[in-house]
Amino acid sequence: MSLRNKDLYSNYLEEKYNMKLYKEERQGRNGRKKSFFQTKREKIFRKKTLYSRLPILQWVSKITIASLLSDLIAGFSVGLTLVPQSLAYATVAGLPPQYGLYSSIVGGFVYAVFGGTKSLAIGPVALLAITVYPMATKYGPEVAVFLAFVSGLIELALGLFNLGFFLDFISLAVIDGFTSAAALTISSTQLKSLFGLSYKSEGFLDTLIQFFKHIKQIRLADTIMGMTCLVLLFSMRALGRVKVSGDSTMGKVMSKSIWFLSTARNAICVFVCAGIAVSIYDPSSEDTFKLIGNITAGLPPFAAPPFQIRNISSGEVVLQTPELFTETGFSMIILPLVAILEAVAIAKAFSGGMKKVDASQEIIAIGASNVIGAFFSSFPVTGSFSRTAVNEASGVQTPISGVITSVIVVLAAQFLTPYFFYIPKASLAAVIVGAVILMVEYHVIIPMWRTKKSDLIPFATTFISGLLFGLELGIIVGTLVHIFMMSFANARPPIETEAIRKQEGTTVVIQPRESLMFPAADYFSNLVKKAISKEENVTCIIFDLAYVNRLDFATAKTFKDLSDNYGSSGVEVIAVNVMPKTLTVLEGIQPKKINITIS
């Protein structure tokens, strides 16, 4: 028996033994075969599955007083950042400010049960807010809640069925272009609040046009406050990088104080500005600040997500359920993609490379947060990079910190909303601009140029399309362009040809430098024929397949046709350096006139 046949026989015996064990496992104690549903139920409720789908079971028994204290500090620190950011991101989404608080409540509780990392902070983020904005400004808060529910269902389906690999088709170049376009679009929407203007606009270009049309109406008080807040926010952010040397008590106190000022800069800025507004606000004067105004106090009502959108003033049904799905189609596709990309990327970034991140479980946690949050008037949420960084820097130990953060938001919604009336719009606009302007990925341009210039095409396409035609269309166009570029590259793989001329005849060597798939079949065939037609008295054709580790049926059939045609004419056809996987495909097509040498 040959070595190959021995290996096959060994594999056969091993598979037979495993099948026997599997059948025995499916047999009940009374000898009867278990039903399909019994087997599935046992698989779902076994300890390993429960622990992977409910990660809280892995760490809840390990909580100590020390870890609880660390989580309390971390949760409080994130809460100081989240409360002003949530109010600000609600305005980015075109919603009343209280919806930012509503969207910040559920995520911490849900992620503590389903989340697989200790530090990921769930809540409103700028990218999702700006994606919701077109629909929310057109139809009101109900459509934002509907989008949270539907996008959450899509995320749950992707997570439960392990379909997150679809995100692999969205390249880093496209993501960077989308993020940069979103950052500029969000910043442009805050210009009117930074400078105290009033106008309506749609899209990046229209916003800039309207801003310059109304530039003569700039309010001095709002402009001074907005610019001052921006300077302070960037200064306090830079302050966090200052290191205080020394192990003395004073040095440690200074270090912690600097860290707290940098971490809580958004809350400090907003509440100081609110204090200033309270002291000088005069409702009869136009020279004072524009304020955020009345915010509905209390917790959100528990209600099913709306499937009919009503006019806010008249109460008439504007959109029925079928029209609602049609009208929000683009947003329903983009929101889950952006939410998943951001959450999984953050979870991997803060895992430290020591722990494997279960992407499917993170997707399930985000989906559950959105689905349950929709019953509490939440708009779509996901992981926040800035707040996760605060959580990690604060010494978080378990996802309990998210619960602490949610409790702080609940207390703020219940007791502090009357005081939010005096928050100047300019200060919230400064918080938003200070957070998102750093998302412009300009620093990736030079590395792309140095490594692979063609990646600049999908980056630029996504960026420009996002600014000109909307973020949803931008990411779709960029992805399609990059997929087309990849397909074109597969259709035109690099192939080297060489003619070795001797007295007894010419040998033509064909060496593909990449794998050959069906888009390249005709190109490969024509190139081989062209190379052979240039030579006289061709006696041998050598296909060097050292770089080919994949073939499909179309390219294998091309090999068969070439070898059969030229072999019938008396030309010797040889394939050398053939890899095992490639050999299997070639043997399957059964070329008759080719000699194959295995690498």
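Placed above this text is the structure.
Numbering of residues starts from 1 in each chain and follows the order in which that chain's sequence is written. Totals for whole chains, interfaces and linings use every residue, but because this is a predicted model, local features are given only for residues with pLDDT of at least 70 and side-chain atom pairs only at 80 or more, for both listing and counting. Where side-chain values are given, they derive from all heavy atoms of the structure, hydrogens and water being excluded.

Let's shift gears to the side chain of Thr382. Where helices and strands are cited, they refer to DSSP runs of H or I of at least four residues and of E of at least two residues respectively, numbered from the N terminus. With respect to the helices and strands, Thr382 occurs in strand E4 (residues 382-383). Only protein chains enter the accessibility calculation, which uses a 1.4 Å probe; a residue is then buried when its area is under 20% of its type maximum, exposed when over 50%, and partly exposed in between. By relative accessible area, Thr382 is classed as buried at 0%. In this view, Thr382 contacts Ala121, Ile122, Gly123, Val125, Leu128, Ala339, Glu342, Ala343 and Ile366; residues no more than four positions away in its chain are not counted. In this analysis, two residues are considered to be in contact whenever any of their non-hydrogen atoms come within 4.5 Å of each other.

Here a patch means residues that are over 30% exposed by relative accessible area and free of salt bridges, tied together within 9 Å if like-charged and within 5 Å if nonpolar (Val, Leu, Ile, Met, Phe, Trp, Tyr). Areas reported as accessible are Shrake-Rupley estimates using a 1.4 Å probe. Residue values count occlusion only from the protein chains shown. Should a side-chain nitrogen of Lys or Arg be within 4 Å of a carboxyl oxygen of Asp or Glu, the pair is scored as a salt bridge. Among the surface-exposed residues, Leu205, Ile209, Phe330, Ile333, Ile464, Leu468, Phe469 and Leu473 lie close enough to one another that they form a single nonpolar patch of about 760 Å² accessible area. Listed by contribution, the elements that provide at least two residues to the nonpolar patch are helix H12 (203-213), helix H17 (329-349) and helix H23 (456-469). Residue contributions to the nonpolar patch peak at three residues, all from H23. Inspection of the secondary structure assignment puts Leu473 in helix H24 (residues 471-491).

Another point: the pairing of strand E5 (residues 495-502). We call two strands paired when DSSP finds no fewer than two bridges between them. With eight bridges joining them, E5 and strand E6 (residues 505-512) adopt antiparallel strand pairing. The residue of E6 that forms the bridge with Arg501 is Thr506.

Attention now goes to the nonpolar core. In this text, buried Ala, Val, Leu, Ile, Met, Phe, Trp, Tyr and Cys residues form a nonpolar core when linked through side-chain atoms within 4.5 Å. In this structure, Phe420 and Ile423 are the most contacted members of the largest nonpolar core, which totals 108 residues. If we skip the residues at most four places from it in the chain, Ile423 touches Leu87, Val270, Ala274, Leu291, Ile292 and Leu428. Grouped together as the second largest cluster of nonpolar side chains are 24 residues, Val508, Leu516, Leu562 and Val578 included.

Axis separation between helix H7 (residues 106-114) and helix H20 (residues 400-420) bottoms out at 7 Å; the angle between their running directions is 165°. Viewed along their axes, H7 and H20 adopt a mutual orientation that is roughly antiparallel. The chirality of how H7 crosses H20 is left-handed. Note on element contacts: H20 touches H7 through Gly402, Val403, Ser406 and Val407, opposite Gly108, Phe109 and Ala112. Polar here means any residue outside two lists: the nonpolar Ala, Val, Leu, Ile, Met, Phe, Trp, Tyr, Cys and Pro, and the charged Asp, Glu, Lys and Arg; Gly therefore counts as polar. Its residues placed into classes, the contact of H7 with H20 shows four nonpolar, three polar and no charged. In this analysis, axes come from line fits to C-alpha atoms, helices being fitted only over the stretch in contact, and the angle between any two N-to-C directions falls in the range 0 to 180 degrees. Here roughly perpendicular refers to angles of 65 to 115 degrees, roughly parallel to angles under 35, roughly antiparallel to angles over 145, and oblique to all remaining angles. Note on convention: the crossing is left-handed when the near helix lies turned anticlockwise from the far helix by less than a right angle, right-handed when the turn is clockwise.

Moving on: H24. With 21 residues, H24 extends 30 Å from end C-alpha to end C-alpha; this agrees with the ideal 30 Å at 1.5 Å per step. Looking at H24, one finds that the buried residues are Leu471, Glu472, Gly474, Ile475, Gly478, Thr479, His482 and Ala491. Check the buried side of H24 and you find it contacts helix H8 (126-139), helix H10 (172-189), H17, H23 and helix H25 (521-533). In a helix, the anticipated span is given by 1.5 Å times the number of residues less one.

Across the chain, the bulk of peptide bonds are trans and the bulk of non-glycine residues have phi less than zero. If you check the backbone angles, Ser377 has positive phi at about 65° while not being a glycine. Relative to the elements of secondary structure, Ser377 occurs in the loop between helix H18 (359-374) and E4. Phi is positive for Asn577, close to 55°, though the residue is something other than glycine. In this fold, Asn577 is placed in strand E8 (residues 572-578).

Quick look at the packing of aromatic side chains now. Each aromatic pair joins two rings of Phe, Tyr and Trp (for Trp, the six-membered one) with centres within 6.5 Å, and gets the label stacked for planes under 30 degrees apart, edge-to-face for over 60, and tilted for any other angle. Across all of its chains, the model carries 14 aromatic pairs by this definition. Each ring, one from Phe195 and one from Phe211, has its centre 5.5 Å from the other, and the planes form 50°; the classification is tilted. Of the two residues, Phe195 sits in the loop between helix H11 (191-194) and H12 while Phe211 sits in helix H12, which places them 16 residues apart along the sequence. Each member of the pair, Phe195 as well as Phe211, carries the same accessibility label: buried. Seen from their ring centres, Phe302 and Phe375 are 5.8 Å apart, and the 20° between their planes marks the pair as stacked. With Phe302 in the loop between helix H15 (265-280) and strand E2 (309-310) and Phe375 in the loop between H18 and E4, this residue pair connects regions lying 73 residues apart in the sequence. Residue class for Phe302 comes out exposed when judged on its relative accessible area of 61%. Residue classification places Phe375 among the partly exposed positions, given a relative accessible area of 25%. Following the ring pairs from residue to residue traces out a cluster consisting of Phe146, Phe149, Phe302, Phe307, Phe325, Phe375 and Phe376. Geometry around Tyr199 places Lys192 over its ring, the cationic atom sitting 5.7 Å from the centre. In this analysis the charged atom, NZ for Lys or CZ for Arg, is taken to sit over a ring once it is within 6 Å of the ring centre and within 35 degrees of the ring normal. The lysine or arginine in question, Lys453, covers the ring of Trp449, its NZ or CZ lying 4.9 Å from the ring centre.

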